[in-house]
Each structure stands twice: as C-alpha cells, then as structure tokens.
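Next come the chains, spelled out residue by residue.
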Amino acid sequence: MISVCMATYNGARFIKQQIDSILCQLGAADELIISDDGSCDGTLGIIASYNDSRIKVLHHQREKSRYYFKMTVPYASFNFENALREAKGEYIFLSDQDDIWLPTKIKECIGFLKKYDYVLSNLSVIDEWGNVVKERLYEKKPFSENALINCIRPNFWGCCACFNRKILDAALPFPKSVCLHDFWIGLVATKIGKMCWYENSLVLHRVGTQNTSTGGKKSENSLWIKFLYRFYAFVEYQKLKKEESK
C-alpha cells in the first residue's frame, strides 16, 4: 500500500494539477492524505469535488514553534507530521500542494524502495506559469552518508522523497526543536536506513508561489537561525537508536 502525504494551505490555484498528477498513479487500495492548515480560499472545495475514497482530508490547527516563533516554515512541518501520523501504507511519499508529478514517479520510486529504505530523486524547477526554469536542480547526489555533512548542507527535498515504514516509525513524533520535516526524515534515514539517489527528475517543482521552498535560491534566514536548526537537528539525530534499523 502507498500513502501520499500532502500538506495544504491556501493552495487553490494549483492543487488540482497536483492531485490529478498523483491520483492517476495510485491503485485502488492506496491513499492520498491531505492535511489542511485552515485554508480560507477554495482549497478544500476543490479537494471535496473529487469525491474519491482514496483521498482522506485532515483538518490541522496552525501550530507555532517555540523554537522558531518568527518563522513560517515550521507550520508546514507540523502539518506534514499530522498527515504522516495517519499514513497506513508501507511506502510513503511526500507531496507539495503546487507541484506536478511526472507520470512514472511512483512506479520508478517503488522499484527503488524494494531495495532501499529512503529514495530521493532529482527535480525540475518550474515557475508559477509552469515554464521550466531548470531541467535538473542537482548535477550530482546532494546528500551524504555522513550526518554532520548533511547538517552542514541539508539537501533533503521533501517533494522528491519517499521512504518505507521503518523510516516513518523512527521519525515520528517529530522533535519539537526540528524546523524542517524533510531534513529530519533525511537524517533519520542517514542513521538507520539504506539510502538511494536517483538522478532523473520526477517532479516539476513550482516556485514563486506560497510554498515554503526556496527553489534552490539562497535562503534568507539569518546565520543564527541557520545554525540553530542544524544544531537542534544534529542533537536529535544523536538520540536516535541504531537498533531501530533491525
């Protein structure tokens, strides 16, 4: 069984394109779990119009982080956690609300998940009108098997990540000091899993909208915030038990 977990917030402009690109790749027993953070546009109405039993909608209360109270990124991370808690599948995919999945994404990733615990694919960057800005964001594997290096250069893009239940169970619940859900899940996989990098792009990742991604651009966070979320993540990483890989 496959669980696709999507976090939404005022995503009415593009969400139909994304849902359409996902549902056509799912089987009858699979699920698309959408956790909504209190959208006040037409997001929920668009989702309801599908009347598809594979879609499960959760209503989440926007949650501030006491560690990063001036940042909006943790909102999305807590929202994703809400969706992930309800995932019943053996294979879990993360989805942004305004991307487009290429037609073979799930099929290709499942092939890798038969051998690996965590898979990260490349992505193509598109603008808000769907024009391709960059065919491949990465020319080489963006992550390392060394956790410290991954903390210095965190490149675990959630929209391109999928993993098995072993990784999910070890990642939940998210430590409250963790700022980025995809960064944390990637660190968990670094500790207890067998990881795979797939150089082909399987996602059209949209930037220039209300998403929290920088699209490969330089982060505007202060040096202190950059240090802080890396430090806290590494501290939590050290607490993970290697035995969970058994």
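As a reminder, the structure under discussion sits directly above these lines.
Quantities reported herein were computed from a predicted structural model and do not represent experimental measurements.

S.K.: I'm lost on the pairing of strand S3 (residues 55-59) in this one. Help?
M.R.: Remark: a regular strand shows side chains that alternate across the two faces of the sheet. The sheet contact formed by strand S2 (residues 31-36) and S3 spans 5 bridges and is parallel. Directly across from Leu32, in S3, lies its bridge partner Ile55. Each parallel crossover has a hand, and for S2 linked through helix H2 (residues 43-48) to S3 it is right-handed.

S.K.: What am I meant to see in a nonpolar patch on the surface here?
M.R.: Together, Trp224, Phe227, Phe231 and Val235 make up a nonpolar patch on the protein surface, roughly 410 Å² of accessible area in all. Take Phe231: it is sitting in helix H8 (residues 223-239).

S.K.: I keep staring at the nonpolar core and nothing clicks. Help me out?
M.R.: In a soluble, globular protein the nonpolar side chains are often hidden away together inside. Ile19, Leu32, Leu84, Phe93, Tyr118, Phe163 and Ile185 are the most contacted members of the largest nonpolar core, which totals 74 residues. Setting aside its immediate chain neighbours within four residues, Ile185 contacts Leu84, Leu94, Tyr118, Phe163, Ile167, Ala171 and Phe174.

S.K.: Can you walk me through the side chain of Thr190 in this structure?
M.R.: With respect to the helices and strands, Thr190 occurs in helix H7 (residues 181-192). The class for Thr190 is buried, based on a relative accessible area of 10%. Polar contacts involving the side chain of Thr190 include one to the main-chain carbonyl oxygen of Gly186, which spans 2.8 Å. Not counting the four nearest positions on each side in its chain, Thr190 is found in contact with Ser144, Glu145, Asn146, Ala147, Asn150, Phe156 and Met195.

S.K.: Looking at this structure, how should I read the packing of aromatic side chains?
M.R.: Given two aromatic rings, one states the distance between the centres and the angle between the planes to describe the pair. All told, the structure shown has 10 aromatic pairs when counted by the stated rule. Ring centres 6.4 Å apart and planes at 10° place the aromatic pair Tyr118 and Phe163 in the stacked group. Within this pair, whereas Tyr118 is found in strand S6 (residues 118-126), its partner Phe163 is found in strand S8 (residues 161-164), the two being separated by 45 residues in sequence. Judged on exposure class, the residue Tyr118 and its partner Phe163 are both buried. Directly above the ring of Tyr237 sits Lys191, whose terminal nitrogen or CZ lies 4.7 Å from the centroid.

S.K.: Before we go on, may I ask you to explain the pairing of strand S4 (residues 91-95) in this structure?
M.R.: Of all 5 residues making up S4, 5 are buried, and the element is well covered by its neighbours. Covered by surrounding structure in S4 are Tyr91, Phe93 and Ser95 together with Ile92 and Leu94, the residues of both alternating faces. The pairing of strand S1 (residues 2-8) with S4 spans 5 bridges and is classified as parallel. Looking at S4, one finds that Val4 is bridged to Phe93. Taken together, the 3 bridges between S4 and S8 define a ladder with antiparallel strand orientation. If you follow Ile92 over to S8, its bridge partner there is Phe163.

S.K.: Teacher, can you tell me more about H8 here?
M.R.: Because an α-helix completes one turn every 3.6 residues, residues spaced three or four positions apart along the sequence face the same direction. Taking 1.5 Å as the rise per residue, H8 with 17 residues should run 24 Å; its terminal C-alpha atoms sit 25 Å apart, in good agreement. Buried positions along H8 lie against helix H5 (147-152) and H7.

Criteria and thresholds
- Every chain's residues receive numbers from 1 upward, in the order its sequence appears when written.
- Where totals are concerned, whole chains, interfaces and linings use all residues; where local detail is concerned, this predicted model gives features only for residues with pLDDT of at least 70, and gives and counts side-chain atom pairs only at 80 or more.
- The basis for every side-chain value is the complete set of heavy atoms in the structure, and neither hydrogens nor water enter the calculation.
- Two strands qualify as a pair provided DSSP detects at least 2 bridges between them.
- In this text, helices come from DSSP runs of H or I with a minimum length of four residues, and strands from runs of E with a minimum of two, each type numbered from the N-terminal end.
- Classification remark: right-handed applies to a crossover when, strands pointing away from the viewer, the course from the first strand over the helix to the second runs clockwise.
- Excluding any residue in a salt bridge, patches collect residues exceeding 30% relative accessible area, merging like charges within 9 Å and nonpolar Val, Leu, Ile, Met, Phe, Trp and Tyr side chains within 5 Å.
- Per-residue and other accessible areas follow the Shrake-Rupley method at a 1.4 Å probe size, with only the shown protein chains counted as cover for residues.
- One speaks of a salt bridge when a side-chain nitrogen belonging to Lys or Arg is within 4 Å of a carboxyl oxygen belonging to Asp or Glu.
- Note on terminology: a nonpolar core comprises buried Ala, Val, Leu, Ile, Met, Phe, Trp, Tyr and Cys residues joined through side-chain atoms within 4.5 Å.
- Exposure categories follow from relative accessible area, calculated using a 1.4 Å probe and restricted to protein chains: below 20% of the type maximum is buried, above 50% is exposed, and the middle band is partly exposed.
- Contacts were defined at the residue level, with two residues in contact if any of their heavy atoms lie within 4.5 Å.
- Polar contacts, as used here, are pairs of N or O atoms within 3.5 Å; protein pairs need one atom able to donate a hydrogen and one able to accept it. Residues neighboring in sequence count only if both atoms are side-chain atoms.
- Any two rings among Phe, Tyr and Trp, with Trp reduced to its six-membered ring, count as a pair given centres within 6.5 Å; such a pair is stacked if its planes are under 30 degrees apart, edge-to-face if over 60, and tilted if neither.
- Put simply, a charge is over a ring when the Lys NZ or the Arg CZ is close to the ring centre, within 6 Å, and near the line of the ring normal, within 35 degrees.
- To estimate the expected span of a helix, subtract one from its residue number and multiply by 1.5 Å.

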